[in-house]
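Each chain, written out:
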Amino acid sequence: MRALQAEGVKTIFGYPGGSIMPVYDALYDYTRGEKKCFDHILVRHEQAATHAAEGYARVSGEVGVALVTSGPGVTNTLTGIADAMLDSTPIVVIAGQVPISALGTDAFQEVDLVGVAQPISKWAYQIRHAEDIAWAVSRAFYIARTGRPGPVVLDFAKNAQTEEIDWEPMKCNFVRSYVPYPKLDMTAVREAAELINNAQKPLALVGQGVELGNAQAELMRFLEKADIPAGRTMLGLSALPSNHPLNVGMLGMHGNYAVNLKEQECDVLIAIGMRFSDRVTGNIKTYAKQAKVIHLDIDRSEIDKNVKTTVAVVADCKESLPALTELINKTSHQDWKDSFRELDEKERQKVIEPAIHPTSGQLLMGEVVNVVAEKSADDAVLVTDVGQNQLFATRYFKYHHNRSICTSGGLGTMGYGMPAAIGATFAAPNRQVCCFMGDGGFQMCIQELGTIMEQKSPVKMILLNNHYLGNVRQWQDMFWMRRKSFTKMLNPCYESIAQGYGIPYQAVTDRKDLAAAVEKMLSTDGPFILECAILEEDNVLPMTPPGMNVNEMMLEI
């Protein structure tokens, strides 16, 4: 407890069990009375503890903490650990373990956690003796939060939890062979600046690395000086405000039409804190072959991994962006920016207006997202589950402040949304948290309604119910001859479930009732479930089919 105190921990998400019981017994005193310094949130499933810790970390900028027992307790966290690794989310998972005298005996609830967790974490370590605790905890937080952030796992042997030692605080600020912040190479910066200064059609691709580096202001100064249009990855959406004049939309398979096509036309491509995911690039063999590529990233392993770079600037973007801004010319690229407008208008007419302002038929996901976005606070946090709900929500929500989006990007984890939203409410108790879920993802984490009930966590849950695993159904319709193999869902009565948990609920089946229902949800203190009956065959567009070139984006099916 004192080691966690020393790292500034305020909130812990967890689930007790036999092998972590000594820690939970100590936690008792630190969550009440004069010693109180932590809030412990009892989740209903260990996977939810990791997702809640992720949501907390993504919105607060701090390290999220999950505390669980051994065996099935910690194996339940592995999905969240892998999710945090792929999305560079700093969490520390502390798990109980059998005593070292029982290791290797197949003792009750023994599992080789370090062996299992090493491939999906930044660091995994087994604490075998009490004298290792202060060092291991400080090192864990240092590794989790520095450089490219990520998950760290501590496997805590039960004997180490009960041994007694004199407390000696430790602070880790160095690990041999670990260089979290590479030294900025000014030669590379000068080469990048020369390419930008000679560019006629520059395009920036903004990723979550800008938010992880707290470099939003530096990004805007860079873009505005050189007048460079910028697309954003899904995880980088709130790194640049939606209404910024240089924002040209979301990248990727279901991103915006103009920016995806213009990636194949620009002469200089500037990637900032993003990893060239396959969902962004489409067919990698044809991606941006005409462009000189500048890649700014803190992680050297991302350089040339997917896309061959012309110039790599390996450093924290908080440092590299100002250095680059100093050397670039103040200029205007008005003709280049204007060339996006015709494509934007084409998407607006064919896709956006029909999606957010339909005049007949059943409710659509896009219009629900649009109404929530228009009526929610400017600093609202968007949390999504995974699937069509995620794609519609990220496309049509509005981002005005940094750290305003929580979604599972790299791993695509259904069941992420509700627990991540719980974590977000503890990270930012004064911000609205709007969580969009499909009926599939909602049922993967439905037990966390118990956590919301107990904590009175003010999550505004928007359930987009189309009685399908919608994204899989869309792919089956498009690429599998409409053979809907096990994607239709028979759903429960969500109103009865909400009533059982004592959570306010309203269903909307007619668009004339939508705006009033959203206003009621947002004005209600505490949690709320808004169930919207969605057209079963509502499809996410635009779409770049898998394996196709990024400029072969479809506006209609």
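Residues numbered from 1 in each chain as written. Predicted model: local features only at pLDDT ≥ 70, side-chain atom pairs only at ≥ 80, totals over all residues. Heavy atoms only, no water.

Caption draft 1: Main features of the layout of surface pockets. For the second largest pocket, the calculated volume is near 800 Å³. As for the second largest pocket, its lining consists of 30 residues, of which Met1, Arg2, Ile133, Gln161 and Trp167 are closest to the centre. Sorting elements by how many residues they give to the lining of the second largest pocket places helix α2 (residues 21–30) first, with 5 residues. Looking at the lining of the second largest pocket residue by residue, the class counts come to 20 nonpolar, 2 polar and 8 charged. (1 Å grid on protein atoms, 1.4 Å probe; cavity = no way out; pocket = protein on both sides within 12 Å on 5 of 7 lines; lining within 4 Å. Points joined across faces, edges and corners; volume = space filled by probe spheres on them. Helix = DSSP H or I, 4+ residues; strand = E, 2+ residues; numbered from the N terminus. Nonpolar A, V, L, I, M, F, W, Y, C, P; charged D, E, K, R; others polar.)

Caption draft 2: Up close: the nonpolar core. The biggest cluster of nonpolar side chains holds 67 residues, and the ones touching the most others in it are Leu203, Leu269, Phe276, Tyr287, Phe436, Ile462 and Cys532. With 7 residues, helix α15 (residues 334–356) is the single largest residue contributor to this core. Ignoring anything within four residues of it in the chain, the contact list for Phe436 reads Val368, Val369, Val372, Leu382, Val383, Thr384, Asp385, Asn389, Ala393, Phe397, Ile462 and Leu464. Counting residues in each nonpolar core, the second largest holds 34 residues, with Ala188, Leu223, Leu240 and Val313 among its members. (Core = buried A, V, L, I, M, F, W, Y, C linked by side-chain atoms within 4.5 Å. Buried < 20%, exposed > 50% of the residue type's maximum accessible area, 1.4 Å probe, protein only. Contact = heavy atoms within 4.5 Å.)

Caption draft 3: Structural detail: the packing of helix α3 (residues 46–60) against helix α18 (residues 417–427). α18 packs onto α3 with a crossing angle of 45° between their chain directions and a minimal axis gap of 6 Å. For the element pair α3 / α18, the angle class is oblique. The element α3 and its partner α18 pack so that their crossing is right-handed. For the pair α3 and α18, the contacting residues are Ala48, His51, Ala52, Gly55, Tyr56, Val59 and Ser60 in the first and Pro419, Ala420, Gly423, Ala424, Phe426 and Ala427 in the second. Counted by class, the contact of α3 with α18 contains 9 nonpolar, 4 polar and no charged residues. (Axes fitted to C-alpha atoms, helices over the stretch in contact; angles between N-to-C directions. Parallel < 35°, antiparallel > 145°, perpendicular 65-115°, else oblique. Left-handed = near helix turned anticlockwise from the far one by under 90°.)

Caption draft 4: Up close: α2. Those residues of α2 that sit buried are Val23, Tyr24, Leu27 and Tyr30. Down the axis of α2, the sector holding all buried residues measures 105°, keeping them to one side. Within α2, the exposed residues directed more than 90 degrees away from the buried face are Met21 and Asp25. Elements that come into contact with the buried residues of α2 comprise α1 (2–6), β1 (11–14), β2 (39–42), β3 (64–68), β6 (152–157) and α8 (158–162). (Arc of directions from axis to C-beta.)

Caption draft 5: The sheet that holds strand β4 (residues 91–97), seen in detail. Reading across from one edge, β2-β1-β3-β4-β6-β5 is the order of the 6 strands in this open sheet, with parallel pairing throughout. The open sheet has two edge strands, β2 and β5 (123–127), and neither has a second partner. Adjacent strand axes in the sheet meet at a mean angle of 20°, parallel and antiparallel pairs treated alike. Here β1 pairs with β3 via 2 bridges, running parallel. What sits directly across from Phe13, in β3, is Ala66. (Pairing = 2+ DSSP bridges.)

Caption draft 6: The side chain of Gln208, seen in detail. Counting through the fold element by element, Gln208 comes out in the loop between β7 (202–206) and α10 (209–212). Look at Gln208 and you get buried, because its relative accessible area is 10%. Those residues within four positions of Gln208 in sequence are excluded, and the remaining contacts are Arg58, Asp87, Thr233, Leu235, Gly236 and Gly273.

Caption draft 7: Focus on the sheet that holds strand β12 (residues 311–314). Strand order in the open sheet formed by 6 strands is β9-β8-β7-β10-β11-β12, and the pairing between neighbours is parallel. Two strands lie at the open edges of the sheet, namely β9 (247–250) and β12, each paired on one side alone. In this sheet, adjacent strand axes meet at a mean angle of 15° when their direction is disregarded. By the bridge criterion, 5 bridges tie strand β10 (residues 268–272) to strand β11 (residues 292–297) in an arrangement that is parallel. By the bridge assignment for β11, Ile272 is matched with Leu296. Packed on one face of the sheet, helix α11 (residues 216–226) meets β7, β8 (230–232) and β10 and runs near 170° to β10.

Caption draft 8: Structural context of the pairing of β10. Where burial is concerned, most of β10 is hidden: 5 out of the 5 residues are buried. Residue alternation in β10 divides its side chains into two sets, Val268, Ile270 and Ile272 and Leu269 and Ala271, and both sets are buried.

Caption draft 9: Molecular detail of the side chain of Glu7. Mapped onto the secondary structure, Glu7 falls in the loop between α1 and β1. Setting aside anything within four residues of it in sequence, one finds Glu7 in contact with Val137, Ser138, Phe141, Arg145 and Lys171.

Caption draft 10: Broad picture of the environment of Ile328. Here Ile328 shows up in the loop between α14 (317–327) and α15. Residue classification places Ile328 among the buried positions, given a relative accessible area of 3%. Remark: the alpha-carbon pair of Ile328 and Phe13, spanning 315 residues in sequence, is separated by 46 Å. Those residues in contact with Ile328, other than ones at most four positions away along the chain, are Ala193, Ile196, Asn197, Phe222, Lys225 and Ala226.

Caption draft 11: Examining empty space enclosed by the protein more closely. The full count for this structure, using the stated rule, is 2 cavities of 30 Å³ or more. Put simply, the largest cavity is a space of about 70 Å³. Around the largest cavity sit Glu7, Gly8, Val9, Lys10, Thr11, Tyr56, Glu62, Val63, Val65, Phe141 and Arg145, which together line it. Of the pockets and cavities examined, the second largest cavity occupies roughly 40 Å³.

Caption draft 12: Up close: the pattern of salt bridges. According to the stated counting rule, one finds 28 salt bridges in the structure shown. Of the charged contacts in the structure, one is a salt bridge between Lys201 and Glu265, with a shortest N-O distance of 3.2 Å. Of this pair, Lys201 sits in the loop between α9 (186–197) and β7 while Glu265 sits in the loop between α12 (257–262) and β10; the two residues are 64 residues apart in sequence, bridging distant segments of the chain. Classification of Glu265 as partly exposed rests on a relative accessible area of 34%. A salt bridge links Arg482 to Glu537, with the nearest nitrogen and oxygen atoms 3.3 Å apart. Linking Arg482 in the loop between α21 (470–479) and α22 (494–501) with Glu537 in the segment after β18 (528–533), this pair joins segments that are 55 residues apart in sequence. Take Arg482: its relative accessible area is 47%, and that puts it in the partly exposed class. (Salt bridge = Lys/Arg side-chain N within 4 Å of Asp/Glu carboxyl O.)

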